[in-house]
Amino acid sequence: MLDTAKTAPQAPIRLEELGLEPTFARDLLLKTVFRMSLNTTTQMARTCGVTPPIVEELIELCRADNLVETLGNRGASSAAELRYQLTEAGRRRAADALAQSEYYGTFPVSLEAFEAQSKQQSVADAAIRRPDLEAASGHLVMPDGLLDKLGPAVNSGRSILFYGPPGNGKSVLSEAIRDALGDAIYIPRTLSAFGQTISLFDPIVHQVVAMPEVDPSGLRARPPFDPRYVLCKRPSVITGGELTLDMLDLGYNPVSRTYQAPLQLKATGGVFIVDDLGRQRESAQALMNRWIVPIEQRYDLLSLQSGQKFTVPFDTLVIFSTNFAPTELFDGAALRRIYYKIKIDRPSQSDFLKMFVMMARKAGFEPREDVIAHMLRNLYPSPQGPFAAYHAPFLMSQMGSICDYEGLPREMTVPLVERAWDNLYVDADDSAAKGTG
């Protein structure tokens, strides 16, 4: 696990340390003051996520151009803060800056600072151990030897392909890997590229870790971390059949004239799970072609509306999950670029029975040997299956719903299992055509 105190990004205390063009930073301060009616250094520093010394430098730049004027102290105390307001020229400049981009508030992080921070907290350095993976997958029944394949694959920080028949836990296992990466990293709220602002922090993706609030009131004190960042658990992005190639590019909002980070950028330092590969509108090969350079070179290339291109770190554990045979999806060159290929097969009878008993008790049913024997002998094609990992939770959910609807106690019986079984499969001989007349 990473020591977040050691990986914490240092808060800049001088304008030159901010990594932003002074004019860009000045205009962003003007927009923020204009939109939020701020008038003290402390208010501006807290809202912009920078230290007061930087705000003071920016105010001096504004005063030199007659964009800000001093109102005097607030209160009678000699220690009271000076108050400021925008001049008429300052309001015009703020309005012009807002016409170019509606973004205001927390100052963005430069691409250079983001890259340096990503190296400090790389997912390849998360180094999970077997107990971490066992704890995260404790609710699953897995065949012997699977964890020994998963651990090295996760620790490599490289790409992983899960393949095998449907309904056997590939997606759930991907989420268990995400949970095993239990440490925290710092995520910038926004990034800056060529004077454009890119929103990166996403409350749906990034789970904030509770931490003491940074107090920017000390004019010379350096906060414990850069307030432009948020401490979060390693992120996890899960996408499935809805994934399209344009979702991997910057999103542009023409109203606010700001950008939204693509999925893989939001997953920086964490896990990007591409579920149901092969069911997307684009072919799996086309999607893989988009990933080749990022996976191999560890950086990604993005473009602004203006056509300007820039690179961002690709520090993401990519997990592909598919029900198709890998050779049906990719050519040989693409398969070589997926570093770990792990088959998640159907459970054996022994593993299935463990799942069935565990899920039954979790659902409030006491397993009965005669019911299980009836299911194996009479419902499955043979006592050896074929089984699937989803069968046990599916049957328990169906049985529980029947009991709740009919006011029955949760007692496992042969008729109850048979009623649940009716929804497990569709009879291949049944069709809409048969019912039409």
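Here is what the cut-offs are and how they apply
- Residues numbered from 1 in each chain as written.
- Predicted model: local features only at pLDDT ≥ 70, side-chain atom pairs only at ≥ 80, totals over all residues.
- Heavy atoms only, no water.
- Helix = DSSP H or I, 4+ residues; strand = E, 2+ residues; numbered from the N terminus.
- Rg over C-alpha atoms; globule rule 2.2 N^0.38 Å.
- Buried < 20%, exposed > 50% of the residue type's maximum accessible area, 1.4 Å probe, protein only.
- Contact = heavy atoms within 4.5 Å.
- Areas by Shrake-Rupley, 256 points an atom, 1.4 Å probe, with all protein chains shown as cover.
- 1 Å grid on protein atoms, 1.4 Å probe; cavity = no way out; pocket = protein on both sides within 12 Å on 5 of 7 lines; lining within 4 Å.
- Points joined across faces, edges and corners; volume = space filled by probe spheres on them.
- Nonpolar A, V, L, I, M, F, W, Y, C, P; charged D, E, K, R; others polar.
- pLDDT = per-residue confidence, 0-100.
- Polar contact = N/O pair within 3.5 Å; in protein donor to acceptor, adjacent residues only side chain to side chain.
- Pairing = 2+ DSSP bridges.
- Axes fitted to C-alpha atoms, helices over the stretch in contact; angles between N-to-C directions.
- Parallel < 35°, antiparallel > 145°, perpendicular 65-115°, else oblique.
- Left-handed = near helix turned anticlockwise from the far one by under 90°.
- Phe/Tyr/Trp six-rings, centres within 6.5 Å; stacked < 30°, edge-to-face > 60°.
- Salt bridge = Lys/Arg side-chain N within 4 Å of Asp/Glu carboxyl O.
- Disulfide = S-S within 2.5 Å.

Asks: What should I look at first to understand the overall build of the protein chain in this one?
Replies: Across its full length, the protein chain holds 17 helices and 16 strands. Its C-alpha radius of gyration of 28 Å places the protein chain more than 25% over the 22 Å reference for a compact globule of 437 residues. On the principal axes, the C-alpha backbone points of the protein chain span a range of 85 × 55 × 50 Å. For the protein chain, with 437 residues in total, the buried portion stands at 49%. Contacts in the protein chain between residues at least 24 apart in sequence constitute 74% of all its contacts with a sequence separation of at least 6. For the protein chain, the computed accessible surface area is about 20,900 Å², with 50% contributed by carbon and sulfur atoms.

Asks: What is the right way to read the layout of surface pockets from this model?
Replies: If a probe as big as a water molecule is rolled over the atoms, it shows which places are left empty. Computed from the structure, the largest pocket encloses a volume of approximately 670 Å³. Forming the walls of the largest pocket are 36 residues, and the residues nearest its centre are Val141, Asn168, Gly169, Met355 and Ala389. When contributions to the lining of the largest pocket are tallied by element, the ones reaching two or more residues are α8 (146-156), α9 (170-180), β15 (317-322) and α14 (349-362). Sorting elements by how many residues they give to the lining of the largest pocket places α14 first, with five residues. Of the residues assigned to the lining of the largest pocket, the class counts are 16 nonpolar, 10 polar and 10 charged.

Asks: I tried to follow the confidence of the model for the protein chain on my own but got confused; where do I start?
Replies: When pLDDT is low, close inspection of the predicted coordinates is not appropriate. When pLDDT is averaged across the protein chain, the result is 89; 93% of the residues are at 70 or more. Under a pLDDT of 50 for its full length, residues 430-437 has, in the predicted model, one contact with residues more than four places off or in other chains.

Asks: Would you take a moment to explain the side chain of Gln264 for this structure?
Replies: Mapped onto the elements of the fold, Gln264 is located in helix α10 (residues 263-266). Looking at Gln264, the relative accessible area reads 2%, which means it is buried. A polar atom in the side chain of Gln264 sits 2.8 Å from the side chain of Asp300. Apart from residues no more than four positions distant in its own chain, Gln264 is found in contact with Met247, Leu248, Phe272, Arg290, Trp291, Asp300, Leu302, Phe314 and Thr316.

Asks: Is there a simple way to think about the sheet that holds strand β3 (residues 109-110) in this case?
Replies: What links the strands of a sheet is backbone hydrogen bonding, and the strands pair in either a parallel or an antiparallel sense. Across the sheet, which stays open at both edges, the five strands sit in the order β3-β6-β7-β11-β10 with mixed pairing between neighbours. With partners counted over all chains shown, the strands left at the sheet margins are β3 and β10 (251-253), one partner each. Where strand β6 (residues 190-193) lies against strand β7 (residues 196-199), four bridges are found, and the strand directions are antiparallel. Considered in β7, the bridge of Leu191 is made with Ile198.

Asks: How do you make sense of the environment of Ser174 when you look at a structure like this?
Replies: If you trace the backbone, Ser174 turns up in helix α9. Between the C-alpha atom of Ser174 and that of Glu418, which follows or precedes it by 244 residues, the distance is 32 Å. With sequence-adjacent residues up to four places away left out, Ser174 is seen in contact with Phe162, Ile273 and Ile319.

Asks: Can you help me understand the packing of helix α15 (residues 369-379) against helix α17 (residues 414-421) in this one?
Replies: Two quantities define a packed helix pair, namely the angle between the helix axes and the distance between the axes. Relative orientation of the contacting elements α15 and α17 amounts to 45 degrees, with a least axis distance of 9 Å. By the angle between their axes, α15 is oblique relative to α17. Crossing of α15 over α17 shows right-handed handedness. Listed contacts from α17 to Val371, His374, Met375 and Leu379 of α15 are Val414, Val417, Glu418 and Trp421.

Asks: Could you clarify how one ought to interpret the packing of aromatic side chains in this entry?
Replies: Two descriptors summarise a pair of aromatic rings, namely the distance from one centre to the other and the angle between the planes of the rings. If you walk through the whole model with that rule in mind, you get 11 aromatic pairs. For the ring pair Trp291 and Phe320, a centre distance of 6.4 Å and an interplane angle of 75 degrees mean the geometry is edge-to-face. With Trp291 in helix α11 (residues 284-297) and Phe320 in strand β15, this pair connects stretches of sequence that are 29 residues apart. What makes Trp291 buried here is its relative accessible area of 1%. Assessed through its relative accessible area of 2%, Phe320 is described here as buried.

Asks: Is there a simple way to explain the pattern of salt bridges in this structure?
Replies: Opposite charge on two side chains permits them to pair, given that their charged atoms come into close proximity. A full pass over the atoms with the stated rule returns 23 salt bridges. A salt bridge links Arg35 to Glu102; the nearest nitrogen and oxygen atoms lie 3.0 Å apart. Within this pair, whereas Arg35 is found in helix α2 (residues 22-36), its partner Glu102 is found in the loop between α5 (88-100) and β3, the two being separated by 67 residues in sequence. Residue Asp370 is joined to Arg368 by a salt bridge in which the shortest nitrogen-to-oxygen separation is 2.6 Å. Through salt bridges that share partners, Arg26, Asp27, Asp65 and Arg93 make up one connected network.

Asks: Could you clarify how one ought to interpret the packing of α2 against helix α4 (residues 52-64) in this entry?
Replies: Running from amino to carboxyl end, α2 crosses α4 at an angle of 90 degrees, the nearest separation of the two axes being 10 Å. The angle between α2 and α4 falls in the class roughly perpendicular. From α2, Pro22, Ala25, Arg26, Leu29 and Leu30 reach across to α4, where they touch Leu58, Ile59, Leu61 and Cys62. Split into classes, the residues belonging to the contact of α2 with α4 amount to eight nonpolar, no polar and one charged.

Asks: What am I meant to see in the state of the cysteines here?
Replies: One way to say it: the disulfide is the covalent bond shared by the sulfur atoms of two cysteines. In the structure shown here, the tally under the stated rule is zero disulfides. Cysteine Cys48 shares no disulfide, and the gap to the nearest cysteine sulfur, in Cys62, comes to 11 Å. The class for Cys48 is buried, based on a relative accessible area of 0%.

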